[in-house]
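Given next are the chains, with one letter for each unit.
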Amino acid sequence: MRVPGKGLVERSRVVPFRFDGVQYTGYEGDTLSSALLANDVRMVGRSFKYHRPRGIFTAGNEEPNALVTVGVGGRQEPNVRATMQELHEGLEVRSQNRWPSLGLDLLSVNDLAAPFLGAGFYYKTFMWPRAFWEKLYEPAIRRAAGLGALSGASNTDVYEKAHAFCDVLVIGSGPAGLMAALRAGRAGADVILAEEDSRFGGRLLAEEEAIDGQPGHQWADDVVAELRSMPNVRLMSRTSVTGAYDQGTYGALERVGHHRRRRPGLPLECFWRIVTKQTVLAAGALERPVAFRNNDRPGIMMAGAMRAYLNRWGVSPGKAVTVFGTNDNAYRTARDMAQAGIHVAALIDSRHDGPSSDLFPVIRGAQVCDAQGRRGLESITVRRASGEERIQTDCLAVAGGWNPTVHLTCHMGARPVWNDELLAFVPKDDAVPGLIAAGACNGVFSTDGCLRDGLAAAGRALQALERSAPEVDLPEAEDAPYQPDRLWAVSGKGRAWLDFQNDVTVKDVAQAARENFRSVEHMKRYTTQGMATDQGKNSNVAALAVLADATGRDVAETGTTTFRPPFTPVSIAAMGAGGQGDGFAPERFTTSHAASKEMGAPMIEAGLWYRPSYFPRNGERTWRQSCDREVNMVRQSVGVCDVSTLGKIDLQGPDAGAFLDLVYTGMFSTLKVGRTRYGLMLREDGHVMDDGTTARLGENHFLMTTTTAAAGEVMRHLDFVHQCHAPQMKVRFASVTEQWAQFAVAGPKARDFLNLVLDELVSNVDWPFMACGPVSVLGVKARLFRISFSGEMGYELAVPSRWGDSLFRALVKEAEKMGGGAYGMEALNVMRIEKGFITHAEIHGRVTAFDIGMQRMVSQKKDCIGKRMSERPGLMDQGRARLVGLKPVGAVKMLTAGAHLYARDADPVRVNHQGYVTSNCYSPTLESVIALGFLHYGPERIGETVKMVDHVRGIEALCEVVNPVFLDPEGGRVRG
Amino acid sequence: MADPIADLYAKTPCAGLLPVRVANLTVTEVEMGVMTTLSLFHGTEATAYKALEDGHGLRWPAPLTTGQGDGARILWFGRGQALLAGVTPDECLAAHMAVADQSDAWAAVHLTGDQADDILARLVPIDLRETVFPVGSTARTQLMHMQASITREASDRFLILVFRSMAATLVHDLKSAMEAVAARG
């Protein structure tokens, strides 16, 4: 219920929202949890395993119970913490993990079976029969146990990621964070103040307390106003810093759209990578509960949360509240509630020496040992030395002490240090380089202490930055001592919850210890404590303290589990923002792309490039028809193909020839100017890396071509070889792939065709096979290379890319007049298989020059990268799988790439494997299916019949081993 | 030769893609003129610097910097490499360094607007704060998934170069970031 006159919400702005289909209203500034409590909605979810009714337990990021689903369809987002979801108009929320409804959940039968469902139950019970786990047990358990679900539809929300840089990153904006930011800001440093909440101020927004005589939240507003006026300070609200990484890098998740009505284009979240020189961690502390029987009833919550609901949102979670505490925070809660006019039935202090109060009854030296009321708290049982009594109450606040939020300090491997006075872990100094913990997260729990600590932390950060630190007046604030009682769990029968989200009880932890899972890491995995979406924020310390008791060790010796990023859940969509759809990878388009699309060519991806697959013409119904026509066209007349995607690397320098001798197996320093040579490149391990032609354009000037897919890899390889093996060589290289649009012109009519478009005629004498040089095409300066990948008379014509679109259109138009035309990747592939030319289907990374029949290309006159390694024993063994051609000779006329080869009469099983097929096609020239593959002793078995078996597609065919060069092995056509 | 064929026409890398305007931000194509990569050889850097001074009156740019002269500009472009733009390279250069024509290899755009920094913060991983990356600074870095050259020409204007073939992706990525920033309102 709302409490008149309390809270910082904007009461003039009413916000309607729906929860489980019911319409409610709240105010601007409310969170979903404060609005639900204001509407007296106490039960908001069902627990993970036992489906027990659960209510709102905290007011912050550690909330274990109040998880809800926001949105519908592709935008459905499960497991949103109601404490973090700001109220906005149109907010539609559903509860989770219940069927058919929150009030009547049939799966709550699990709770009755609780004696059988303790820690390790699954491990012991569902082990046999073995096959049942995947087929029966796991699906059934998953249905019964779980949190929210995804919709299964593609997420249509927009996400962002971004980078930010600063001198000082301040994490958290409570008193410590604000003082640190103020001092660093006044010093002129670039400051980022990241606050997870929608409003700056931290605990000051939740407490009834004065700083310099004014309410804490007003003091915070004044400081924030000053920070906002500084151009060097960047305020980032709704931003949770989720991880600390190397070299001052922090991950942070900003909620951009969660608190607003959805609108097109607005990102839901932005994942920031913040790089900073110094960090002040002022993340505060999380209050911890005390475990007792049935402590998970709706209506039981943290004492600090109860104050936050009252002081910040003007909400009382109950009409007759009780408070149970181990420290003075319990009194603050009871005091604030009583002063706001709420009936405080009792304060139960576990200590015998706590203070007294005239505002409410205090029961000292007592413990709450049970709670009643299945769907909402009705009463509690209080145990004293003199006996037990019941107290009627609808809301119990629990103050078990504070756990500093040390998480980020542990992200780089450090463990926090146990402080036996505070009964808490505090950060280890210099746990993260450049990070200084301040305030409550550093174990300082008074406001005065936090202000001082923040100021000092900024001073240290500025000193590290070698900046002078301005004096900042320390405001006056309370400085109450903090002396908590050592109480983790109240003894007794029944189940006392530690981890609410994963339904782990004190008994479960004790059971783990009994079964010898005594290490805290083992206990965690055996019980699943701390493994839910909240990562055990309010249960880790208590669980390991219970474990320590159960194993007779102290807490320091027991130690903690590992805190890993992210601190708070981060959606995968935010981390991968921008990578959906067209953002997945760059699309590289050739200059002829538009013309090819206009001709109806389907595109095929080659690396990042898009290349035309084939150019369909009227009447052609399948790709094979188009492909066969294009092959015949090139073999009989002339074809034009865009080959710009091949890598082009410009090499210059007096040592360019010597450098090429080093990276290629063949000799290039002897190549004449105006000539081109085929080259093979080995990796350092002696296997084939890439192949291509290199032209000598001038004495000190070469142009290397690479395969499309390996262009980047070759460029990197050249850089590596130059920088690491031959830094003394005077040679440099630059990628010029994009500078040139290059078109293959191939076919018996290629020269006649070229002479139509070139400004000077070319002849076979002036331009023999493998010649290259400058020409002019239709008035544009160009380069011509007489090379062929089809086995036909072939040229490649290169022009600066700006001319590519118009030249391609002109070439195709003219070729069509001669009975030729454009051809695509399919025809190109068929023609190269017919010629036995390799691609990366063959040079797939595991073959040597020997395997592909190119050992003679490894020059014996010089050394080259990979040569020595290629001579290792076994790499030139005759029995290796070596390149052959294959032709079907049995009834089945199908050969498939990826199929395996066996001796004709052998069983097609692994041990009999003799090779595999790498490329296949139908050759319209030979009117037969043909293939390339690798076969043990390949070239020695030409003429033999072997068996091809494709186990995946279920194809078996007999084939003859043939020369891999199916067509024109003498090469007469290319020289014609 | 017969003349059966229409004259060739030139097309710019971003033809049909630009300009793009979202809120107060614009992306426009930039005509860079002749672009040439100049690469130094080991041991002869000093003579190369002199050739550049003699030929164009430009100093070889230190890493991450740019220079300007008579109609010419020069951008640091990598290890021992610079991009000369706006002029045909003087013939004397080729004797002292590797000179490669790149006039058609790069798509060049201007990103202009008060929030230009915010857009690049979403696409580029390096620190582009004006205090760190003032006017005249340049870097070879990545833009989303692409390698790029980024130069600050003014407080509110960047010159961005990516491979010509990726012009459409550049426009897509810039536009997506611009729309997301604009939607925050």
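A word on the overall build of chain B
And step 1. In terms of helices and strands, chain B carries 3 helices and 11 strands.
And step 2. Each principal axis of the C-alpha atoms in chain B carries an extent, and together these give about 55 × 55 × 30 Å.
And step 3. Looking at chain B residue by residue over its 185 residues, the buried ones come to 55%.
And step 4. When contacts within chain B are restricted to residue pairs at least 6 apart in sequence, those whose partners lie at least 24 apart make up 62%.
And step 5. For chain B, the accessible surface area stands at approximately 7,600 Å², while carbon and sulfur atoms represent 52% of it.
And step 6. For chain B, the separation between the mean place of its 14 positive charges and that of its 21 negative charges on side chains is 8 Å.

Regarding the confidence of the model for chain B
And step 1. Overall, the prediction assigns chain B a mean pLDDT of 95, with 97% of residues at 70 or greater.
And step 2. Our summary of model confidence lists the complex with pTM equal to 0.94 and ipTM equal to 0.97.

Quick word on a nonpolar patch on the surface
And step 1. A grouping of Trp-99, Leu-104 and Leu-106 of chain A is seen on the molecular surface, where their side chains present a nonpolar patch of about 350 Å² in accessible area.
And step 2. Among the structural elements, Trp-99 of chain A can be located in the loop between strand E7 (91-95) and helix H2 (109-112).

Concerning the sheet that holds strand E10 (residues 146-154) of chain B
Residues and elements named next belong to chain B.
And step 1. Judged by pairing direction, the sheet is antiparallel, and its 6 strands sit side by side in the order E1-E2-E8-E11-E10-E9 without closing on themselves. Since the sheet does not close on itself, it has two edges, and those belong to strand E1 (20-22) and strand E9 (138-143), each with one partner. Between one strand axis and the next, the sheet turns by 25 degrees as a mean value, whatever way the strands run.
And step 2. Bridge analysis of strand E8 (residues 106-112) against strand E11 (residues 157-163) gives 7 bridges, and the strand direction is antiparallel. Paired with Val-109 across the two strands is Ile-160, which belongs to E11.
And step 3. Along the sheet face, helix H3 (residues 167-184) touches E1, strand E2 (25-29), E8, E9, E10 and E11 and points at about 15 degrees away from the line of E1.

Some words on the pattern of salt bridges
All names here are of chain A.
And step 1. What the rule picks out here adds up to 62 salt bridges over all chains.
And step 2. As a salt-bridge pair, Glu-207 and Arg-332 come within 3.6 Å of each other at their nearest N and O atoms. Placement of Glu-207 in the loop between strand E9 (191-194) and strand E10 (210-211) and of Arg-332 in helix H8 (residues 329-339) is noted, with a sequence separation of 125 residues between them.
And step 3. In this structure, Arg-525 engages Glu-521 in a salt bridge whose closest nitrogen and oxygen atoms are separated by 2.7 Å. Here Arg-525 and its partner Glu-521 are both found in helix H11 (residues 520-527), 4 residues apart, which amounts to about one turn of the helix.
And step 4. Arg-525 sits in the partly exposed class, given a relative accessible area of 36%.
And step 5. Several salt bridges converge on common partners, so that one network encompasses Arg-203, Glu-207, Glu-209, Arg-307 and Arg-332.

Section: unusual backbone geometry
And step 1. Cis geometry is found at the peptide bond from Pro-565 of chain A to Pro-566 of chain A, where omega equals 0 degrees.
And step 2. By secondary structure assignment, the location of Pro-566 of chain A is in the loop between helix H13 (555-558) and helix H14 (572-575).
And step 3. With an omega of 5 degrees, the peptide bond between Leu-18 of chain B and Pro-19 of chain B qualifies as cis.
And step 4. Within the fold, Pro-19 of chain B resides in the segment before E1.
And step 5. Unusually for a residue other than glycine, Thr-528 of chain A sits at a positive phi of about 70 degrees.
And step 6. Mapped onto the secondary structure, Thr-528 of chain A falls in the loop between H11 and helix H12 (540-551).
And step 7. A relative accessible area of 26% places Thr-528 of chain A in the partly exposed class.
And step 8. Here Asp-968 of chain A, not a glycine, exhibits a phi torsion of approximately 50 degrees, which is positive.
And step 9. Structurally, the position occupied by Asp-968 of chain A is in the loop between strand E50 (955-962) and helix H23 (972-975).

Observations regarding the packing of helix H5 (residues 175-186) of chain A against helix H6 (residues 216-228) of chain A
Residues and elements named next belong to chain A.
And step 1. For the pair H5 and H6, the least separation of the axes is 10 Å and the interaxial angle reads 25 degrees. Relative to H6, the element H5 is oriented roughly parallel. Seen along the crossing, H5 lies across H6 with a hand that is left-handed. Counting all contacts with H5, which are made through Pro-175, Leu-178, Met-179, Ala-181, Leu-182 and Arg-186, the residues of H6 involved are Trp-219, Ala-220, Val-223, Val-224, Glu-226 and Leu-227.

Focus on the side chain of Lys-537 of chain A
Residues and elements named next belong to chain A.
And step 1. With respect to the element layout, Lys-537 can be found in the loop between H11 and H12.
And step 2. There is no salt bridge for the buried Lys-537, and the closest opposite charge comes from Asp-534, which lies 6.8 Å off by N-O distance.
And step 3. Setting aside its immediate chain neighbours within four residues, Lys-537 contacts Asn-61, Glu-62, Leu-286, His-407, Phe-567 and Thr-568.

Describing the environment of Val-962 of chain A
All names here are of chain A.
And step 1. Mapping Val-962 onto the fold places it in strand E50.
And step 2. Each C-alpha atom of the pair Val-962 and Val-929 lies 13 Å from the other, and the pair is 33 residues apart in sequence.
And step 3. Sequence-distant contacts of Val-962, defined by excluding residues within four places in its chain, comprise Val-884, Gly-885, Leu-886, Lys-887 and Ile-942.

Definitions and limits used
Residues numbered from 1 in each chain as written. Chains lettered and ligands numbered in written order. Predicted model: local features only at pLDDT ≥ 70, side-chain atom pairs only at ≥ 80, totals over all residues. Heavy atoms only, no water. Helix = DSSP H or I, 4+ residues; strand = E, 2+ residues; numbered from the N terminus. Buried < 20%, exposed > 50% of the residue type's maximum accessible area, 1.4 Å probe, protein only. Contact = heavy atoms within 4.5 Å. Areas by Shrake-Rupley, 256 points an atom, 1.4 Å probe, with all protein chains shown as cover. Lys, Arg positive; Asp, Glu negative; His and termini not counted. Charge placed at Lys NZ, Arg CZ, Asp CG, Glu CD. pLDDT = per-residue confidence, 0-100. Patch = residues over 30% accessible without salt bridge, like charges linked within 9 Å, V, L, I, M, F, W, Y side chains within 5 Å. Salt bridge = Lys/Arg side-chain N within 4 Å of Asp/Glu carboxyl O. Pairing = 2+ DSSP bridges. Axes fitted to C-alpha atoms, helices over the stretch in contact; angles between N-to-C directions. Parallel < 35°, antiparallel > 145°, perpendicular 65-115°, else oblique. Left-handed = near helix turned anticlockwise from the far one by under 90°.

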